[in-house]
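Secondary and tertiary structure notes
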Amino acid sequence: MLKRILPYLFSLIPGILLLPVPLLRDFHFESALIAATVGCFWAGIKASSRRRKLYPQLAFKILGFIYLAGSPLFLYSLFSGCLTLHGIGFWVLFPIPSVFLGTAIGRLFRKLKTPLPGVFTVTTILLIAIGSLVIEALILPQVYFFNHVWGGWPGPIYDETVEVTLSLIFFRFLTLLWILLLWILPDFSAYKANKVKIGLLSFLLVVGYFFTTDFGVITPRSYLKQQLPIHKQTEHFDLYFDRDLFTEQEIEYWSLRHEFHFQQIVNQLEIDWPEGQKVESFLYANAWQKKKLVGAKFTSYVPIWLSQDQLHIAKQQLNGVLKHELVHVITKQFGNSLFNGSWSIGLVEGVAEAIAADASPQSTLDQILAADPPYPTVEQMRSALTTSGFYTSASAISYTTAGSFVNYLLKNYPVEYFKKAYPSADFEGAYQLPFDSLVIGWQQTLPPIEIDSVDRQVSELIFSQRSLFQRFCPHAVSKELSLWDDFLFHEANQDTTSSEKHINSLYELDPSNLLIKREWIRGQLRNNNTSDVLDSIDNGTDSLLTFAILKSDALALSGDWDSAESFIETLKPRVDTTSLRTFRYSYELRSDSLSWITFLNSRYKNQLPGVEKFAALNISNQLLVLAKAIELNQGERIREYSPVVLRSPLHSDWFDIYESTISQLVFLNETDAAQTWINSISSLDLRARYKERLFEQQEWLNFINGTNQD
């Protein structure tokens, strides 16, 4: 009896051993992928050596052991609240077809009496598991993959949901067709009906593979270009834009920004770019379109392993990541010969972070590190540059740490040293110094760096983030989060009707969620539903300043000016004493009826005043209206408003708007006005990061001036 039970007891061990392993302990696609891979090889080897003809029973028996091994993961996910329907779906769609495929392959070689059928079986499964992946990775721009052996990989999984899709179901249907074909193939000549079946299955497979692009199983470059049909050529780029959500002005702006950042990077890295070599830049309408087409949602990426240089970025991420991703394209020029990168992921991302310097809009990379002692030890730094060390930390931590270290190397040693070290992370050979010395030299530059409370807050925020491996229920998505994702999708698509519908549903579902409530109130104010807003805000429970201010706006929009002015007066002491810059000017924006009406029209109705009315506003309202003009791409208004703003004293609190104004003035060829702005702002006592950003605006201006002269 015990002898019969022991195999079943032993099958529990793999699942138990996976319980301490982050991600793999969840009953989701990662563990299902392992189960499918093991099951396919196991079934194939067993079937290739099996003399009896009970092959279906063999497959079901192996599946029984696999699901028994997965039962600890299922129970853990169930009782921890992490179990999802998608996780169950992956455990159905991954192991079952894979086990039957392995059985069919092993049975085929056994019935054909192939010499060494086990060797042929394992070799065939390896070719399917690895060979097809390598071929697709080398010719396709996508970062998601489907595979008949291990099921599939959805693309970058951090900060993104992983769900069963129609594409996966369609692909597993193709796997089923292969299983049936391989099952019948050994008996091709035994029965006439088998020839008909094989012909039909072959026809269905041909038709199925013909539709793999339409069903999202593969995404060739040619298909991407069809989906992003607006083509713009520049000296170094072929850019492809979504037709609906990029205006002509935006297409021109981002084309110029590509060339600008390209010039910055090749100059800094001292690159001689090959003449005539162009980069393809695919610019998606939003993150959701990018996820559908190439498998990466909020993750922008560069497939450095492809021979054709490419960028893949969604519109909403362009401002923050374009320069960073371009660094990846350009560093291919000195990457290793295998995949054009570095064996150290820390160097791949570190150099991009060092050059883009966009970890924070308020603090430099070095300030972020300096604000969080003790600094990484030599061994911790060595680990952080490896793949395992880099990805087991939160991305913000890994990127920032590696970026600060690479920034030190680029500033203190010839660039050629870094380019020599980059392919294999051979620091000793490139720098003629031990790695320990380089790390210690970097650490010694951090303590003298001037930091303040803002840098400490930024550093604390970044270094408190958790990686995907540290998150509880990393793949469980609540109904609220799903609706929130839909809301953001419709916002990005500028579909106000659908976005309002989803935020209303979210508010009904969870009216106590402050983030949801804030967005719901703003939507109601845009629609002038002031009575609903006033009914929803309780002075006792909604004590946060943001809701109090929104209530004052609701009173003003309703036309009850006496109540609005009286209420905003009661908030003035709180506004005056707040440490949050977001609220510092809230009272000033509403200090008189003219300012308040203009502010309301701008924020909730996208209505901009004429220049004479604009000039009569206080400086806070002028800047908020100017920011709205930039948001709405109102070039003429930007030209009119910007000189008026410069008549008033400048303050670094408004640096973000100053920077956006300069950037737009440069693009609008108002180069003299842009230079005046730069000169005026440079006289302020600016944060170190603000100085970096202002210097980049000077470079942007110089670039446009050079382009105009050409």
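Above this note sits the structure.
Now for a look at the structure at hand. The model shown is predicted, which means the values in this text are computed figures rather than measured ones.

Basis of the calculations
- Residues numbered from 1 in each chain as written.
- Predicted model: local features only at pLDDT ≥ 70, side-chain atom pairs only at ≥ 80, totals over all residues.
- Heavy atoms only, no water.
- Helix = DSSP H or I, 4+ residues; strand = E, 2+ residues; numbered from the N terminus.
- Rg over C-alpha atoms; globule rule 2.2 N^0.38 Å.
- Buried < 20%, exposed > 50% of the residue type's maximum accessible area, 1.4 Å probe, protein only.
- Contact = heavy atoms within 4.5 Å.
- Areas by Shrake-Rupley, 256 points an atom, 1.4 Å probe, with all protein chains shown as cover.
- Lys, Arg positive; Asp, Glu negative; His and termini not counted.
- Charge placed at Lys NZ, Arg CZ, Asp CG, Glu CD.
- Axes fitted to C-alpha atoms, helices over the stretch in contact; angles between N-to-C directions.
- Parallel < 35°, antiparallel > 145°, perpendicular 65-115°, else oblique.
- Left-handed = near helix turned anticlockwise from the far one by under 90°.
- Nonpolar A, V, L, I, M, F, W, Y, C, P; charged D, E, K, R; others polar.
- Polar contact = N/O pair within 3.5 Å; in protein donor to acceptor, adjacent residues only side chain to side chain.
- Pairing = 2+ DSSP bridges.
- Right-handed = clockwise from strand over helix to strand, strands pointing away.
- Core = buried A, V, L, I, M, F, W, Y, C linked by side-chain atoms within 4.5 Å.
- Expected span 1.5 Å × (residues − 1).
- Salt bridge = Lys/Arg side-chain N within 4 Å of Asp/Glu carboxyl O.

Okay, the overall build of the protein next. What the protein contains, in helices and strands, is 35 helices and six strands. Relative to a compact globule of 710 residues, whose C-alpha radius of gyration would be 27 Å, the protein shows 30 Å and is just as compact. Projected onto its principal axes, the C-alpha positions of the protein cover 95 × 65 × 50 Å. By residue count, 52% of the 710 residues in the protein fall in the buried class. In the protein, once contacts between residues fewer than 6 apart in sequence are set aside, the share between residues at least 24 apart is 70%. If you sum the accessible surface of the protein, you get close to 33100 Å²; carbon and sulfur atoms cover 57% of it. Looking at the protein, you have 60 positive and 71 negative side-chain charges, and the mean spots of the two groups are 15 Å apart.

Viewed as axis vectors pointing N to C, helix H24 (residues 514–526) and helix H26 (residues 545–557) meet at an angle of 15°, and their least axial separation amounts to 11 Å. Taken together, H24 and H26 sit at an angle that is classed as roughly parallel. For the pair H24 and H26, the sense of crossing is left-handed. For the pair formed by H24 and H26, the contact residues are Leu514, Lys517, Arg518, Ile521, Arg522 and Leu525 on the first element and Thr546, Phe547, Leu550, Asp553, Ala554 and Leu557 on the second. A breakdown of the residues in the contact of H24 with H26 according to their chemical character gives seven nonpolar, one polar and four charged.

Even without a glycine there, the phi angle at Ala357 is positive, about 55°. Here Ala357 lies in the loop between helix H13 (345–356) and helix H14 (365–370).

Two elements in contact, helix H7 (residues 166–184) and helix H8 (residues 192–210), have axes whose closest approach is 10 Å; the angle formed by their N-to-C orientations is 155°. Between H7 and H8, the angle is such that the two are roughly antiparallel. Both H7 and H8 take part in a crossing whose hand is left-handed. Taking contact as the criterion, the partners of Phe170, Leu174, Leu177, Trp178, Leu180, Leu181 and Ile184 in H7 are, on H8, Asn194, Lys197, Ile198, Leu201, Ser202, Leu204, Leu205, Gly208 and Tyr209.

This paragraph deals with the environment of Ser48. Tracing the sequence through the fold places Ser48 in helix H2 (residues 29–48). Sequence spacing of Ser48 and Ile537 is 489 residues, and the spatial spacing of their C-alpha atoms is 70 Å. Discounting residues that sit within four places of it in the chain, Ser48 has contacts with Gly106, Arg110, Pro117, Gly118 and Thr121. Side-chain polar atoms of Ser48 contact the backbone oxygen of Ile45, separated by 2.8 Å.

Counting buried positions along strand E6 (residues 310–314) gives five out of five residues, so the element sits mostly inside the fold. Going residue by residue along E6, you find Gln310, His312 and Ala314 tucked away on one face and Leu311 and Ile313 tucked away on the opposite face as well. Across five bridges, strand E5 (residues 279–284) lies against E6 in parallel orientation. Bridging across to E6, Leu283 finds its partner in Ile313. As a crossover connection, the stretch from E5 through helix H11 (residues 287–294) into E6 is right-handed.

Buried residues dominate E5, accounting for six of its six residues. Neither face of E5 is left uncovered, since the one carrying Val279, Ser281 and Leu283 and the one carrying Glu280, Phe282 and Tyr284 both have all their residues buried. In this sheet, E5 lies alongside strand E4 (residues 237–241) in parallel orientation, the contact comprising five bridges. In the sheet register, Phe241 faces E5, and the bridge partner there is Leu283. Handedness of the crossover joining E4 and E5 through helix H10 (residues 248–268): left-handed.

Before going further, it helps to spend a moment on the nonpolar core. Most often, soluble globular proteins have nonpolar side chains that are buried together. Core analysis: the biggest nonpolar cluster contains 93 residues, and Phe405 and Phe418 have the highest contact counts within it. The element contributing the most residues to this core is H10, with eight residues. In this structure, Phe418 is in contact with Phe334, Leu347, Val351, Val406, Leu409, Leu410 and Tyr431, ignoring residues within four places of it in sequence. If you look at the next biggest cluster of nonpolar residues, it comprises 52 residues, including Leu33, Phe109, Leu168 and Leu177.

With respect to topology, four strands assemble into an open sheet ordered E3-E4-E5-E6, the strand pairing being mixed. Bordering the open sheet on either side are strand E3 (230–233) and E6, each of which pairs with just one other strand. Here the average twist between neighbouring strands, direction ignored, is 15°. H10 rests against E3, E4, E5 and E6 of the sheet, and its axis sits at about 145° to E4.

For H13, built from twelve residues, the straight-helix expectation of 16 Å at 1.5 Å per residue is met to within 8% by its first-to-last C-alpha distance of 17 Å. Along H13, twelve of the twelve residues are buried, which leaves the element largely enclosed by surrounding structure.

Attention now moves to the pattern of salt bridges. Evaluation of the coordinates by the stated rule reveals 24 salt bridges. Between Glu250 and Lys315 there is a salt bridge whose closest N-O contact spans 3.1 Å. One end of the pair, Glu250, is in helix H10; the other, Lys315, is in the loop between E6 and helix H12 (318–331), and 65 residues separate them in sequence. The residue Glu631 makes a salt bridge to Lys628 at a minimum N-O spacing of 3.4 Å. With Glu631 and Lys628 both in helix H31 (residues 619–631) and three residues apart, this pair spans about one turn of that helix. Residue Glu631 is classed as exposed on the basis of its relative accessible area of 55%.

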